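Tertiary structure, described
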Amino acid sequence: MAQMMRAGLYRPVHVKTLRQPEAENAADPSQVAAVRKAIAIENDLRGTLRNFGLKVGMVGKMKFEARIKELVENLPDFG
């Protein structure tokens, strides 16, 4: 090992403990449920609008509401 270090073939690395990944991946279950519910609602809206021939397309979370309003503003049933 010493010879490898002298030759520059070895470099120290950081090794995480066994418990560290568990702590990083552990999320609040209520937060996970809320995110899943929000995604489900968004997909339901997309599906409902698609039945009327309207496609939401790829929009970010911040522009989703504005895109929905833009699509339904001219429809008398949704206004």
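Everything below is about the structure printed above this text.
Computed from a prediction, not measured in an experiment: that's the story for all the values here.

Here we take up the packing of helix 3 (residues 29–51) against helix 4 (residues 64–72). With their axes 12 Å apart at the nearest point, helix 3 and helix 4 run at an angle of 20 degrees to one another. The angle between the axes of helix 3 and helix 4 places the two elements in the roughly parallel class. Crossing angle aside, the handedness with which helix 3 passes helix 4 is left-handed. Contact with helix 3, carried on its side by Glu-42, Leu-45, Arg-46 and Leu-49, involves Phe-64, Ile-68, Leu-71 and Val-72 of helix 4 and no other residues of that element. Class assignment for the residues of the contact of helix 3 with helix 4 results in 6 nonpolar, no polar and 2 charged.

With that out of the way, let us pick up helix 4. Among all positions in helix 4, only Phe-64, Ile-68, Leu-71 and Val-72 are buried. Within helix 4, the buried residues cover an arc of 85 degrees as seen down the axis, which keeps them to one side. Residues of helix 4 that are buried make contact with helix 3.

Rules of the game
Residues numbered from 1 in each chain as written. Predicted model: local features only at pLDDT ≥ 70, side-chain atom pairs only at ≥ 80, totals over all residues. Heavy atoms only, no water. Axes fitted to C-alpha atoms, helices over the stretch in contact; angles between N-to-C directions. Helix = DSSP H or I, 4+ residues; strand = E, 2+ residues; numbered from the N terminus. Parallel < 35°, antiparallel > 145°, perpendicular 65-115°, else oblique. Left-handed = near helix turned anticlockwise from the far one by under 90°. Contact = heavy atoms within 4.5 Å. Nonpolar A, V, L, I, M, F, W, Y, C, P; charged D, E, K, R; others polar. Buried < 20%, exposed > 50% of the residue type's maximum accessible area, 1.4 Å probe, protein only. Arc of directions from axis to C-beta.

It is worth stressing that arrangement in space is one thing and function is another; only the former is reported here.
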